[in-house]
Amino acid sequence: MPTTHFHSCTLCEATCGIAVTVEGDRVLDIRGDDQDPFSRGYICPKATALADVHHDPDRLRHPMVRAGDDWFETSWDAAFELVAAGLKDVRRQYGKDALAVYIGNPSAHNLGLLTFGLPFFRSLGTRNEYSATSIDQLPHMLAALQVFGNQFLMPVPDVDRTDLFICLGGNPAVSNGSIMTAPNIRVRLKAIRDRGGRVVVVDPRRTESAALASEHCSIRPGTDAAFLLSVMHVLFEERLVRLGRLAPHVRGLGTLRVVADGFAPEVTAAATGLDPEWVRALARELASTSRAVLYGRVGICTQEFGGLAAWLVLVVNALTGHLDEPGGAMFTSPAIDAVPLAAAAGQLGSFGRYRSRVRGLPEFSGELPVSVLAEEIDTPGEGRIRALITSAGNPVLSTPNGARLDRALAGLDFMVSIDPYLNETTRHADVILPPTVHLERSHYELALANFSVRNTAKYSPAIFPRAPDQRHDWEICLELATRVLGGGSAVRALARRLGPEALLELGLRAGPHGLRKLRGSLSLARLKKQPHGVDLGPLERRLPGRAKKIDLAPRLYLDDLPRLRARLERQPADELLLIGRRQLRSNNSWMHNSPRLVKGKPRCTLLIHPEDAARRGLADGDTTTLSSRAGEIEVPVEVTDSIMPGVVSLPHGWGHHRPGVRLRVASEHAGVSVNDVTDEHFIDELTGTSAVSGLPVRVGVVSAADGSPAPAALTSPSAAERA
Ligand SMILES: Nc1nc2c(c(=O)[nH]1)N[C@H]1C(S)=C(S)[C@@H](COP(=O)(O)OP(=O)(O)OC[C@H]3O[C@@H](n4cnc5c(=O)[nH]c(N)nc54)[C@H](O)[C@@H]3O)O[C@H]1N2
Ligand SMILES: Nc1nc2c(c(=O)[nH]1)N[C@H]1C(S)=C(S)[C@@H](COP(=O)(O)OP(=O)(O)OC[C@H]3O[C@@H](n4cnc5c(=O)[nH]c(N)nc54)[C@H](O)[C@@H]3O)O[C@H]1N2
Ligand code: SF4
Ligand SMILES: [Mo]
């Protein structure tokens with residue numbers, strides 16, 4: 001008899017409710033859960049692919065041990081023994097820092113990894129901790145730390161109540177929103193326009209979000225900080241600054257006035273490519289619209305001035321009175337609240353406490369920028385990384401100069417991957433420990449509820465029981481902790497019995513909707529009775545109470561301004577700048593083994609403007625080379641005026657052709673990895689964040705679509721491009 005179970009899709013940040021119909025061990029159907037109060041039946045095509053992951057014949061179901069190029073299944077006990085021996089050996093011989101950890105994106109969506117994985121990795125005590133943070137939201141977290149004193153105090157656009165939504169470096173129509181958990185964001189954006197408001201997209205590409213917007217404006221990659229300084233300039237010059245209710249609590253206004261002085265829109269126009277009059281009008285509109293918000297996302301983080309840009313987004317919202325106001329940039333009141341928990345656990349955040357060994361890039365909250373991972377492995381000397389744990393990550397495809405990392409991984413003394421797939425990264429492991437996947441485990445949105453446009457809470461039990469010979473991520477991490485770190489066996493035995501649910505219960509009871517509430521307080525038992533989730537209401541004003549301070553002008557950012565000024569003085573060269581793009585049926589690097597997601601036309605194409613294509617003799621469908629200091633790949637081009645002149649775009653997460661990868665479907669739709677061209681030395685020098693956006697690249701013809709050889713003059717880049 002088929003039965004239907006309610007759960008959440010954990011692939012992206014939108015957290016859509018799903019209704020999963022199963023019979024025996026088969027998934028028959030996955031639909032949107034109409035009764036989920038937050039997502040109301042919405043899902044995107046990726047949710048149904050959870051069934052493909054579940055039934056994927058390539059998914060690993062037993063621990064795997066590598067001998068040369070061959071892989072063998074082994075028992076959990078034997079695998080744990082091997083891993084413990086490998087890791088302990090390296091720590092004993094070379095010290096704690098010789099063992100590195102890389103933590104990937106799915107960790108943020110995984111209750112077990114959040115509750116048991118992260119504490120285990122931290123307790124290894126290595127300086128060589130890495131994660132996807134430094135190629136993603138690090139600038140936002142640093143801005144939260146610098147301005148408010150807590151790395152988790154990242155405001156969320158109150159999209160359901162705003163009348164002006166300015167989107168900078170995000171494409172929510174495809175990504176489904178980020179640091180803005182908002183299922184069915186397309187409808188929420190459309191609603192802004194339906195109630196007479198405006199959506200403005202500022203992006204080098206006329207994106208899918210731009211198609212939904214009232215207006216799109218192209219900006220030159222990497223220049224958002226300059227643009228935002230110009231907005232600030234107009235606010236001061238035209239006396240539009242209104243701090244509102246927060247005025248008595250805000251520091252740094254006088255400094256900002258001085259800073260803004262040199263950045264009139266006319267001064268930054270040559271760099272940004274934005275019409276100064278348009279910038280002035282937008283600043284006025286933002287200041288005069290009572291419910292308005294400026295939202296910046298990954299496109300403003302992973303670029304040369306990501307630190308400045310993320311800070312300036314906060315500043316501009318504050319100066320226009322939109323910080324912590326309905327319709328503006330607000331903070332959540334989640335059932336399990338990361339903000340006080342971080343304070344209690346001494347995890348408010350840190351920056352620059354130490355630096356990386358080879359290049360001296362700064363630590364952020366106990367991790368180093370992933371741009372240095374390869375060099376920390378392949379550069380000889382004291383303190384070199386000898387062993388690596390990867391958990392839920394695929395850095396060979398996801399981090400800049402992945403090809404170098406690919407080579408470096410092959411030279412490690414020992415590597416273990418906690419991952420359900422044998423992919424581009426895990427193929428280098430000595431042992432792979434495959435965890436259960438989504439439908440086999442319970443779920444609560446521990447991390448993303450902190451960044452949601454409404455306060456909600458939902459607990460879902462596992463749909464399929466885990467088989468006796470399977471292990472959850474949290475069980476794997478707990479076992480590794482026991483075997484590698486030893487000690488505390490009574491505590492660990494208790495933790496093993498109770499699992500993540502016990503921590504959930506504690507968190508719920510201690511949270512703002514827990515025991516402090518006289519009526520209707522939340523507990524795990526109550527959540528279990530409401531399988532579609534509980535709506536806890538709209539965002540509320542949380543400042544000044546929630547922040548330790550509101551310092552709009554931290555020294556760190558002021559000191560980075562000369563670097564930006566120098567960039568403005570640089571004449572825009574005749575160069576092409578590379579940006580990325582996300583695609584609705586991709587999920588970073590790891591869902592291309594789902595047949596239903598990869599069907600159709602190849603999607604790993606280089607977008608190029610008709611003028612740039614013509615100058616290089618390129619036609620739609622031709623194959624060309626894309627190269628940088630770091631490397632060169634061959635890509636099919638797609639000629640389109642949706643991309644601004646001087647900019648090209650290639651999605652990330654492709655390149656599944658590497659030998660030894662066990663992803664049959666993905667390998668047939670391999671594509672190429674843009675991160676074989678992105679450069680680990682092209683970073684935001686302030687924060688160490690990888691700048692995968694705005695990288696100068698060369699594009700030259702290799703062969704035409706009809707197979708005819710390309711004219712010789714066009715096969716090599718022009719002198720101007722090479723310079
Ligand atoms: N379908 C799908 N959804 C996803 C993911 C996925 O892989 N596929 N990944 C998830 C993850 S891990 C994340 S972090 C989120 C990210 O969510 P978003 O931030 O919405 O991600 P992107 O779609 O990459 O949007 C970035 C935008 O920035 C633009 N851009 C690039 N450079 C610049 C610049 O210098 N300035 C400005 N102003 N814009 C620039 C790009 O053209 C692009 O439109 O998406 C999540 N959702
Ligand atoms: N050029 C370029 N590069 C980028 C980006 C870009 O926009 N442009 N975006 C960056 C961003 S925002 C991000 S977040 C990173 C992502 O970078 P990563 O996190 O390194 O890569 P993913 O592709 O998310 O790989 C996820 C891995 O986790 C495994 N996995 C999936 N579910 C689970 C699970 O439940 N448990 C465990 N243990 N493993 C699991 C998958 O098999 C896969 O190996 O990529 C970054 N790289
Ligand atoms: S938008 Fe798609 S991938 Fe994201 S949670 Fe919803 S169904 Fe899953
Ligand atoms: Mo991300």
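Focus on the overall build of the protein chain
Tallying secondary structure elements over the protein chain gives 28 helices and 30 strands in all. The globule rule puts the C-alpha radius of gyration for 723 residues at 27 Å, and the 25 Å found for the protein chain is close to it. In terms of its C-alpha atoms, the protein chain occupies a principal-axis envelope of roughly 75 × 65 × 55 Å. For the protein chain, the residues scored as buried account for 63% of the 723 residues in total.

Looking at the pattern of salt bridges
The tally for this structure, following the rule as stated, stands at 48 salt bridges. Between Asp 324 and Arg 245 there is a salt bridge whose closest N-O contact spans 3.0 Å. Here the residue Asp 324 occupies a position in the loop between helix H14 (306-319) and strand E14 (329-330), and Arg 245 occupies one in the loop between helix H9 (224-237) and strand E12 (250-251), the gap between them amounting to 79 residues. Among the residues examined, Asp 324 registers a relative accessible area of 0% and is labelled buried. Residue Arg 245 is classed as partly exposed on the basis of its relative accessible area of 36%.

Quick look at the site of ligand 1
Close to ligand 1 lie 32 residues; Ser 175, Asp 203, Asp 224, Asn 588 and Ser 693 are nearest. Taking Gly 222, its main chain carries an N or O atom lying 2.8 Å from an oxygen atom of ligand 1. In this structure, Leu 584 approaches ligand 1 through a main-chain N or O atom, which is 3.5 Å from a nitrogen atom. When ligand 1 is considered free in solution it has 920 Å² of accessible area, and contact with the protein chains removes 96% of it. Elements with a minimum of two residues in the shell around ligand 1: helix H6 (172-175) and helix H13 (298-301). When residues in the shell around ligand 1 are grouped by element, the largest group, 3 residues, is from H6. Residue classes in the shell around ligand 1 are distributed as 11 nonpolar, 15 polar and 6 charged. Here the shell around ligand 1 spans two domains, since at least three of its residues come from each of domain 1 (158-330 + 552-558) and domain 2 (572-722).

Description of the domain arrangement of the protein chain
Domain assignment breaks the protein chain into domain 1 (158-330 + 552-558) and domain 2 (572-722). Placing a centre on the C-alpha atoms of domain 1 and another on those of domain 2 gives a separation of 29 Å. Counting from both sides, the interface comprises 22 residues of domain 1 and, opposite them, 27 residues of domain 2. Where domain 1 abuts domain 2, roughly 1900 Å² becomes buried across the two surfaces, and 62% of that area is made up of carbon and sulfur atoms. At the surface where domain 1 touches domain 2, the tally comes to 1 salt bridge. As a salt-bridge pair, Arg 206 and Asp 641 come within 3.2 Å of each other at their nearest N and O atoms.

Cut-offs and rules
- Residues numbered from 1 in each chain as written.
- Chains lettered and ligands numbered in written order.
- Predicted model: local features only at pLDDT ≥ 70, side-chain atom pairs only at ≥ 80, totals over all residues.
- Heavy atoms only, no water.
- Helix = DSSP H or I, 4+ residues; strand = E, 2+ residues; numbered from the N terminus.
- Rg over C-alpha atoms; globule rule 2.2 N^0.38 Å.
- Buried < 20%, exposed > 50% of the residue type's maximum accessible area, 1.4 Å probe, protein only.
- Salt bridge = Lys/Arg side-chain N within 4 Å of Asp/Glu carboxyl O.
- Near = heavy atom within 4 Å.
- Polar contact = N/O pair within 3.5 Å; in protein donor to acceptor, adjacent residues only side chain to side chain.
- Areas by Shrake-Rupley, 256 points an atom, 1.4 Å probe, with all protein chains shown as cover.
- Nonpolar A, V, L, I, M, F, W, Y, C, P; charged D, E, K, R; others polar.
- Domains from an automatic or database assignment.
- Contact = heavy atoms within 4.5 Å.
- Buried area = accessible area lost by both parts, 1.4 Å probe.

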